[in-house]
Amino acid sequence: MQREELTVNLRNVRAIAGKEVYHLIRDFRSLYLAFAVPLLLILLFGYALSLDVENIETVVVDFEQTDLSRDFIRRLDASPYFRIAAQLPNTEAVKDALDHGRATMAVIIPAGWSADLRADREAAIQILLDGSDPNFAGIARAYITGFIEGANQKLLVEFLNRQGLEQIQPPVEGRIRIWFNEDLESRNFIIPGIIAIIIMIVGAMLTSLVIAREYENGTMETIRSLPISAGELLLGKAIPYFLIGLTDVLIAVLMGQVLFGIVMKASFWLMILASSLYLMVALTLGLLISSVTKSQMVANQTAVLITYLPSLLLSNFVFPVINMPKFLQLFSSVIPATYYINILSGIYLKNLGLAYLWPDLAILTGMFLILASANCIVLKRGGF
Amino acid sequence: MSWLRIREMVRKEFIQLFRDRKNRPILVMAPLIQLLVFGYVVNYDIKDIRVALIDQSRTQESRLLTDAFTAGRIFRITHLPETPGELEGLLLAAKVDLGIRIPPDFSSRIRRGDTAKIQILADGGMSNMASVRIAYTTMVLDRFNGELIKELYGRELKYGKIDGRVRTWYNPNLDSQHFFVPGIVAFVVMLISLLMTSIAIIKEREAGTMEQLIVTPLKPIELIIGKTIPYVIIAIGQMAVVTVFAIFWFEIPLAGSVFALFWATCLFLLSTLGTGLFISTVSKTQQQAMMTTFFFILPFFMLSGFVFPIANMPTFVQWLTYLNPLRYFLVIIRGIFLKGVGLDILWPQYVALTVLGIAVFAGAVGRFRKRLD
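Residues numbered from 1 in each chain as written. Chains lettered and ligands numbered in written order. Predicted model: local features only at pLDDT ≥ 70, side-chain atom pairs only at ≥ 80, totals over all residues.

J.: Tell me about the domain arrangement of chain A, residues and numbers included.
T.: Taken domain by domain, chain A comprises domain 1 (2–49 + 185–381) and domain 2 (56–162). Computed over C-alpha atoms only, the centres of domain 1 of chain A and domain 2 of chain A are separated by 49 Å. (Domains from an automatic or database assignment.)

As structure tokens, then:
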């Protein structure tokens, strides 16, 4: 018996795979959802979702109505970050606008502001920010502070010119160059990252059902009585989903490139290698959940909880791991998606090759080996 | 309609649900785990910018500049590489967020009255965080320039300067948890109520017990009510647990009224249970139902303003979000938690939830009854 476990008979594998494919084709909607989910995700993230902040809806109360205040408001509106939504008569209207969410920022220019400026005194303006969305408010605060700092530089130069010091120039100039994502668009890091999520959905969530289904339908008994080893069963169950997953990767890569112009900087084949490896991890994880839980509903919920959500939340996909508490950072380091997303960002954004990425690939390989053996052990305990 | 029959149906449903030991942890643990993880995960605060610095000038001026960066406690110099190549390696390996190189001629240029150029490399990978880091960097440089000019001209420059006093409302410390934890409460309610209802019905169909239910005196509407009430109870129970956890564990102040929150949850459940019913009418197997549920949850989640601001979406998609019940529920839940506002301000959201809920639920019930006949 022991020897039988180690040898894999390809005919048996093909038979199991054929049965699974038949299942998939008969259950046509699951199959087409397996392709529709990636399409939906890429379209959503590419077209609709962005973490970048521009055109902050701003309301203004101008108690001054002088050239200076009007000029300030005009320049605020002209900046790509702010959009003046309305001029309001008083501060009560501001509170109303913020409470209703009609605006997220308010600028209040008090009476006497221009006079202060002209008399070379500090002139305060009040800025109110809706802080409910901290990502948004943090960026907005940085932008408005920067905007005012810039306006002050201009005022300083004007002042010095009035004093007859027109030769003055800023002593230090920062030449800022942005690497990896030159136009600072969240799309450029989200779209590659979404591939990791897609693989988890298709790889782990779909396969988490396949063995549980056999248990629920009572067909596991039949399979157990067949001359099939645990390895053959697992391989046969995994192959169709491997092909679906790989197709999904290609669809995602192609859509990213054609629709959104997101092009890999490093090697395509390295990407395929990493994706296959990660897909194998996802599949073995799904199968393991399936044979442990033996119930489709529990398997699905478990899969959401330990594959989908962690890949989405703890993998550095859109939520920075570095800001998380230590225990979650630790958790993040056992999640396959963390390493795969690191590889993806290396390939898509940073133009890195094997020399930089081999540790991540090695960890994924290790994860796959551990999960594959765990699968065999669980099935054998179940009577294989 | 007989309440007795409905009660028995509800009882049967609860027995089935709790008889399976494996269901128990999912009903209780899953929402709590989601809350705990989500509560800590989403944090875009920029409190710590890791900098690699090459100071090739090593003069008083360059040290002043370094101090200007580290004074605010936001920038932290973590590495002092020797060569630009080493600095680039640190950026590639994501060990630092920012690389600064102060060239050898830095001070001599300043002393001559020229502009000294320093080179700054920023990791733009996560663009939203990079934007803030870059804005901070420019701010430090602008301030440093102001100080230097003052010093170079040897006297206090009193000029008309704008003093921007930024105050943040509703969430003054820009605490991410205040924003996301109430959102998770909404998300958890949706996830459970949507999936559980559809599965509960499909399971009857898969097991062949649906036929048996149909031949009992149970009327279709009683069947629907009996199938949904358990999940209403579970969802509200979970909502309560999660809310208590949000208040005591994450210390999110509940500024508004509990009653308004409860009321909104019930209205929201109309839509999610309706969607669950609908999914059960279009699915044959559990696998199909789960995949279809997922297909609904994804856009509900993404297009709700939970993580991604609706204001950033293209106009067409913004219109689509008006069809999303989670969008309204989130506004309500955040309004009640953070702003402490009530029905007087949130009534449009309540109306929208009611209209959507009734439409979805009635539509699903109609479809469901047709399938039963």
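Resuming the write-up.
J.: Please provide a residue-by-residue account of the confidence of the model for chain B, values included.
T.: With 98% of its residues at a pLDDT of at least 70, chain B reaches an overall mean of 85. Scoring the predicted complex yields pTM 0.82 and, for the interface, ipTM 0.77. (pLDDT = per-residue confidence, 0-100.)

J.: Before we move on, could you go through the sheet that holds strand E1 (residues 49–55) of chain B and cite the residues and values that matter?
T.: Read across the open sheet, the five strands follow the order E5(A)-E4(B)-E3(B)-E1(B)-E2(B); overall the sheet is mixed. Bordering the open sheet on either side are strand E5 (172–179) of chain A together with strand E2 (75–79) of chain B, each of which pairs with just one other strand. The sheet shows a mean angle of 30° between the axes of neighbouring strands, direction not considered. Where strand E3 (residues 98–102) of chain B meets strand E4 (residues 116–123) of chain B, four bridges bridge the pair, whose relative direction is antiparallel. Its bridge partner being in E4(B), Gly99(B) is matched across the sheet by Leu121(B). Its contacts with the sheet place helix H6 (residues 127–152) of chain B against E5 of chain A together with E1, E3 and E4 of chain B, and it is angled at close to 170° to E5(A). (Pairing = 2+ DSSP bridges. Helix = DSSP H or I, 4+ residues; strand = E, 2+ residues; numbered from the N terminus. Axes fitted to C-alpha atoms, helices over the stretch in contact; angles between N-to-C directions. Contact = placed C-beta atoms within 7 Å.)

J.: Mind laying out helix H4 (residues 84–92) of chain B, listing which residues take part and the relevant values?
T.: Along H4(B), the positions that sit buried rather than exposed are Leu87(B), Leu90(B) and Leu91(B). Buried residues in H4(B), looked at end-on, bunch into an arc of 100°, giving them a common side. Structurally, H4(B) contributes buried residues whose contacts are with E5 of chain A together with E1, E2, E3 and E4 of chain B. (Buried ≥ 20, exposed ≤ 12 C-beta atoms within 10 Å, placed from the backbone. Arc of directions from axis to C-beta.)

J.: So what's going on with the interface of chain B and chain A? Which residues, and what values?
T.: One frequently used descriptor of interface size is the decrease in accessible area upon assembly of the parts. Facing 96 residues of chain B, the contacting portion of chain A comprises 99 residues. Among the elements of the structure, helix H2 (23–41), H4, E4, H6, strand E5 (162–169), helix H7 (176–207), helix H11 (286–302) and helix H13 (325–339) of chain B are those that each provide at least two residues to the side of chain B that touches chain A. When the residues that make up the side of chain B that touches chain A are grouped by side-chain class, the tally is 58 nonpolar, 25 polar and 13 charged. Bridge analysis of strand E4 (residues 123–130) of chain A against E5(B) gives eight bridges, and the strand direction is parallel. (Nonpolar A, V, L, I, M, F, W, Y, C, P; charged D, E, K, R; others polar.)

J.: Tell me about the sheet that holds strand E1 (residues 56–62) of chain A, and name the residues and values.
T.: As summarised here, the arrangement of the five strands in space is E2(A)-E1(A)-E3(A)-E4(A)-E5(B), forming an open sheet in which the pairing is mixed. At either margin of the open sheet sits one strand with a lone partner, and together these are strand E2 (82–87) of chain A together with E5 of chain B. Within this sheet the neighbouring strands show an average axis-to-axis angle of 25°, counted without direction. Bridge analysis of strand E3 (residues 105–109) of chain A against E4(A) gives four bridges, and the strand direction is antiparallel. Within E4(A), the position partnered with Val107(A) by the bridge is Ile127(A). Along the sheet face, helix H4 (residues 67–78) of chain A touches E1, E2 and E3 of chain A and points at about 130° away from the line of E2(A).

J.: Provide a residue-level description of unusual backbone geometry, including the pertinent values.
T.: With a phi angle near 55°, Asp120(A) is a residue other than glycine that sits in the positive phi range. Here Asp120(A) lies in the loop between helix H6 (113–118) and E4. The exposure class assigned to Asp120(A) is partly exposed, which follows from the 15 C-beta atoms found within 10 Å. In the Ramachandran plot, Glu251(B) falls in the positive-phi region, its phi being about 55° despite a non-glycine side chain. Checked against the element boundaries, Glu251(B) lands in the loop between helix H9 (220–248) and helix H10 (258–282).

J.: Explain the domain arrangement of chain B to me, using residue names and the numbers behind them.
T.: When the domains of chain B are assigned, the result is domain 1 (3–42 + 175–372) and domain 2 (49–152). Averaged C-alpha coordinates put domain 1 of chain B and domain 2 of chain B at centres separated by 50 Å.

J.: Explain the confidence of the model for chain A to me, and be specific about the residues and the numbers.
T.: Overall, the predicted model of chain A reaches an average pLDDT of 86, with 97% of residues at or above 70. In the model of chain A, helix H1 (residues 2–6) of chain A stands out as the element of lowest mean pLDDT, 46, in contrast to helix H12 (residues 268–293) of chain A, which has the highest, 94.

J.: Give me the lowdown on the packing of helix H1 (residues 3–19) of chain B against H9(B), citing residues and values where you can.
T.: Residues and elements named next belong to chain B. Between H1 and H9, the least distance of the axes is 8 Å, while the angle of their chain directions is 45°. In terms of orientation, H1 and H9 fall into the oblique class. Of the two elements, H1 crosses H9, and the hand of that crossing is right-handed. The residues of H9 that touch H1, namely those facing Arg5, Ile6, Met9, Val10, Glu13, Phe14 and Leu17, are Glu222, Leu223, Ile225, Gly226, Lys227, Ile229 and Pro230. Grouping the constituent residues of the contact of H1 with H9 by class yields nine nonpolar, one polar and four charged. (Parallel < 35°, antiparallel > 145°, perpendicular 65-115°, else oblique. Left-handed = near helix turned anticlockwise from the far one by under 90°.)

J.: Can you break down the environment of Phe308(B) residue by residue, with the values?
T.: Relative to the helices and strands, Phe308(B) is located in the loop between H11 and helix H12 (315–321). Classification of Phe308(B) by C-beta neighbours within 10 Å gives buried; the count is 23. When the C-alpha atoms of Phe308(B) and Phe14(B) are compared, they prove to be 37 Å apart, with 294 residues separating the residues in sequence. If sequence neighbours within four positions are ignored, Phe308(B) has contacts with Leu49(A), Ser50(A), Leu51(A) and Met302(B).

J.: Kindly report on the pairing of E1(B), identifying the contributing residues and their values.
T.: All names here are of chain B. Here E1 lies mainly inside the structure; five of its seven residues are buried. The sheet contact formed by E1 and E2 spans four bridges and is parallel. For Arg50, the partnering residue across the bridge sits in E2 and is Arg76. With respect to chirality, the unit in which E1 leads through helix H3 (residues 60–71) into the neighbouring parallel E2 is right-handed. Across five bridges, the pairing between E1 and E3 is parallel. Its bridge partner being in E3, Ile54 is matched across the sheet by Arg101. (Right-handed = clockwise from strand over helix to strand, strands pointing away.)

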